[in-house]
Every structure is written in C-alpha cells, then in structure tokens.
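The residues making up each chain are set out below.
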Amino acid sequence: ITMEELIEAIGSASYKLPRKSLLLTFDDGHIDHFTNVFPVLDEKNIQGSFFPPAKAILNNKVLDVNKVQFIIAAVPDKNEIIKFIYSCLDEYRDMWSLETNQYYYRKLARKWRLDTKEVMFIKRMLQKELPNEIRLKIVDKIFKKYISIDEKSLSIEQYVNLEQLRCMKRKGMYIGGHGYNHYWMASINKDIQEREIDLTRQFLKRIGCDINNWVMCYPFGSYNNNLISILRNKSCKVGLGMELGVSDIEKDNHFSLLRIRPNDLPV
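First, a word on scope: everything that follows refers to the structure included in this document. Keep in mind it's a predicted model, so treat the numbers as computed, not measured.

Conventions adopted
- Residues numbered from 1 in each chain as written.
- Predicted model: local features only at pLDDT ≥ 70, side-chain atom pairs only at ≥ 80, totals over all residues.
- Heavy atoms only, no water.
- Helix = DSSP H or I, 4+ residues; strand = E, 2+ residues; numbered from the N terminus.
- Rg over C-alpha atoms; globule rule 2.2 N^0.38 Å.
- Buried < 20%, exposed > 50% of the residue type's maximum accessible area, 1.4 Å probe, protein only.
- Lys, Arg positive; Asp, Glu negative; His and termini not counted.
- Charge placed at Lys NZ, Arg CZ, Asp CG, Glu CD.
- Salt bridge = Lys/Arg side-chain N within 4 Å of Asp/Glu carboxyl O.
- Pairing = 2+ DSSP bridges.
- Contact = heavy atoms within 4.5 Å.
- Right-handed = clockwise from strand over helix to strand, strands pointing away.
- Axes fitted to C-alpha atoms, helices over the stretch in contact; angles between N-to-C directions.
- Core = buried A, V, L, I, M, F, W, Y, C linked by side-chain atoms within 4.5 Å.
- Parallel < 35°, antiparallel > 145°, perpendicular 65-115°, else oblique.
- Nonpolar A, V, L, I, M, F, W, Y, C, P; charged D, E, K, R; others polar.
- Phe/Tyr/Trp six-rings, centres within 6.5 Å; stacked < 30°, edge-to-face > 60°.

## A closer look at the overall build of the chain
Okay, so step 1: A count of helical and extended segments in the chain gives twelve helices and six strands.
Okay, so step 2: Compactness check: the chain gives a C-alpha radius of gyration of 19 Å against a globular reference of 18 Å for 267 residues, within 12% of the reference.
Okay, so step 3: Its C-alpha atoms put the chain at 60 × 40 × 35 Å along the principal axes.
Okay, so step 4: For the chain, the residues scored as buried account for 45% of the 267 residues in total.
Okay, so step 5: Computing the positive centroid from 40 side-chain charges and the negative centroid from 34, the chain places the two 1 Å apart.

This is the structure we're talking about:
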C-alpha cells in the first residue's frame, strides 16, 4: 500500500485497507535508497516511504549514529574503541561528574539481537548515555582518530540530496519526517522537541511535501507523550516506531505503529 492509503484508512472509517497490507519504509536518507532502492520500486510501480534526517542533508553533516557505525566497522578490535572511550571519560570525569568506567560497562554491555555486548556498549555510550555536549566531543574525537575521510565528503557520499528527494517524490515515492538533528526524541525537553518538529516540517516543505498530512518516523524509535501531543498539533497523522510487530490500525495508537526489520523475519 501507499502511505497516502494508510493515512486515508486512519482518517476514514469507511476506507478499509486490503488484508495483509504491507508498507515499505526506509530510514536515514542513505544514498543507496536513491541509487539502488528507488529504481527497483519505480520500475515495479511500488511506493516506498523514505525518512531522511534534515541536518545531515542540508548541512553536509554525518549523523552521530552513522559515525559510530563507521567507527565500529573500521576497528576490528572493539576493545580498542572501549579503551579510547575510557580515556575520554577519565579526561572529562571531574568536569562532568561522570560515573566510573566500570559502572557504564556493567549498565550498558548487554548483547542485543545481532550485536555483541562490546558493540552495544559502544553504541549506547556514544548515542545516548552521556550528556549531549560531552557525547558529541567523544564521538568527534574517536571519528577523527579512526576515519581518515573528512566529514563533508563522507556526508555527500552517504546521504541523498534535496534534488534527489524531489525526484523521488515526483515519481511517486513518499517522503516523511525523521527529525532535524536525529535526536533520541524522548530524551530532550518539550521546547527542543517542538523546535525539532518545526525544522522537520520546514525541510519537508522545501521538498514539496504536504505538511498538513505528514508522517513522523522517530529516530531510534524514541518518542513520548509530549512529542505525540506536539505532532498532533502540527498536522502529523502517523508516527512510526521501531518496536517489533505487525500494526493493527483499528486497535493501535496511530502515533506508535510497529514495524518489522528484514533481519527479524520470520516473526
């Protein structure tokens, strides 16, 4: 089905989706969505829904989550990355009243799905656990140490651009919101959440999207009631999370719909 059909089914009791409806979604605005995915969907006349992060595209920045992925891929020995994180924590501990290295490792080193406990520790430390200012400093330090290509060049290689998104939209693809800074939305206050949503809508408007009937795909699947309230007031119709499962739009909250990753099949 198309995203427009989903929105219509949610807004109208008389419009019913077919049984076994499938919605294809693609997060983070990677360039291979344009070069590999889009041509196949266009040829087969199937709509895909794409959710690009605004700042990465507008300012040629690499998302923190992607920096962490590049770092993990570049360093075979994950303990080397962990030792570097520890050294940064030691440097900033007194200034930021940080916990001990062992505290963070015990808390965060938990194997999850396909990731080892070492990889999960690195991801959680560099994506969420620390105060934002120090987290960004540490990510940038590690990124510069292990990744030789400069950030702007890597961003241009990594993400779609505005013209590519406009082309995809003209050819029937759906473009939705994925935040501006790609924050864990539940971890920021309501004022910052509102600014994130306003910037997201401005970005979608530049692409030519209908910002009176739009869809939000939560970065990292992170959201809370404050965010849902803001989205309702900003004409958003659907919110997509990352919890595993099949959604039933007659029963489920339309702002917390479930999704299935290909790696999770069969469910």
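Further notes follow.
## Quick look at the pattern of salt bridges
Okay, so step 1: Inspection of every chain in the model, using the stated rule, returns 13 salt bridges.
Okay, so step 2: In this structure, the salt-bridge partner of Lys 16 is Glu 250, at a minimum N-O distance of 3.2 Å. Of the two residues, Lys 16 sits in the loop between helix 1 (3–11) and strand 1 (25–27) while Glu 250 sits in the loop between strand 5 (236–244) and strand 6 (257–259), which places them 234 residues apart along the sequence. Here the two residues Lys 16 and Glu 250 agree in accessibility, since each one is exposed.
Okay, so step 3: A salt bridge links Lys 123 to Asp 115; the nearest nitrogen and oxygen atoms lie 2.7 Å apart.
Okay, so step 4: The class of Asp 115 is buried, set by a relative accessible area of 19%.

## Re the sheet that holds strand 1
Okay, so step 1: On the basis of which strands lie adjacent, the open sheet formed by three strands has the order 1-2-3 and parallel pairing. Strands with a single pairing partner mark the edges of an open sheet, and in this sheet they are strand 1 and strand 3 (174–175).
Okay, so step 2: Where strand 2 (residues 49–51) lies against strand 3, two bridges are found, and the strand directions are parallel. Within strand 3, the position partnered with Phe 50 by the bridge is Ile 175.

## Concerning the side chain of Asn 101
Okay, so step 1: Its location among the elements puts Asn 101 in helix 6 (residues 101–108).
Okay, so step 2: Accessibility expressed as a relative area gives 9% for Asn 101, which makes it buried.
Okay, so step 3: Excluding residues within four positions of it along the chain, Asn 101 makes contact with Tyr 86, Leu 89, Asp 90 and Arg 93.

## Observations concerning the pairing of strand 5
Okay, so step 1: Pairing between strand 4 (residues 214–217) and strand 5: four bridges, direction parallel. Bridge pairing links Cys 217 to Leu 240 in strand 5.
Okay, so step 2: With respect to chirality, the unit in which strand 4 leads through helix 12 (residues 225–233) into the neighbouring parallel strand 5 is right-handed.
Okay, so step 3: Of the pairings in the sheet, the one linking strand 5 to strand 6 comprises two bridges and is parallel in character.

## Examining the sheet that holds strand 5
Okay, so step 1: Judged by pairing direction, the sheet is parallel, and its three strands sit side by side in the order 4-5-6 without closing on themselves. Looking at which strands have only one partner, the edges of the open sheet turn out to be strand 4 and strand 6. Between one strand axis and the next, the sheet turns by 35° as a mean value, whatever way the strands run.

## As for the nonpolar core
Okay, so step 1: In terms of nonpolar packing, the biggest core is built from 76 residues, with Ile 85, Phe 121, Ile 122, Ile 138 and Leu 231 touching the most fellow members.
Okay, so step 2: A total of seven residues in this core trace back to one element, the largest contributor, which is helix 5 (residues 78–96).
Okay, so step 3: Among residues more than four places away in sequence, those in contact with Ile 122 are Val 68, Ile 72, Lys 78, Ile 81, Ile 82 and Ile 85.

## Thoughts on the packing of helix 10 (residues 162–170) against helix 11 (residues 190–207)
Okay, so step 1: With their axes 9 Å apart at the nearest point, helix 10 and helix 11 run at an angle of 65° to one another. Regarding the angle of helix 10 to helix 11, the classification is roughly perpendicular. Facing helix 10, whose interface residues are Leu 162, Leu 165, Arg 166 and Lys 169, helix 11 presents Phe 203, Arg 206 and Ile 207.
Okay, so step 2: Partitioned by chemical class, the residues of the contact of helix 10 with helix 11 number four nonpolar, no polar and three charged.

## Points about the packing of aromatic side chains
Okay, so step 1: Taken as a whole and assessed by the stated rule, the structure comprises eight aromatic pairs.
Okay, so step 2: Seen from their ring centres, Phe 26 and Phe 50 are 4.9 Å apart, and the 15° between their planes marks the pair as stacked. Separated by 24 residues along the polypeptide, Phe 26 in strand 1 and Phe 50 in strand 2 bring together distant segments of the chain. Grouping residues by exposure puts Phe 26 and Phe 50 together as buried.

## Quick look at unusual backbone geometry
Okay, so step 1: Of the consecutive residues Leu 265 and Pro 266, the connecting peptide bond is found in the cis state with omega at -5°.
Okay, so step 2: Inspection of the secondary structure puts Pro 266 in the segment after strand 6.
Okay, so step 3: You will see that Asn 45, though not glycine, has its phi angle at about 60°, which is positive.
Okay, so step 4: Given the relative accessible area of 71%, Asn 45 is considered exposed.

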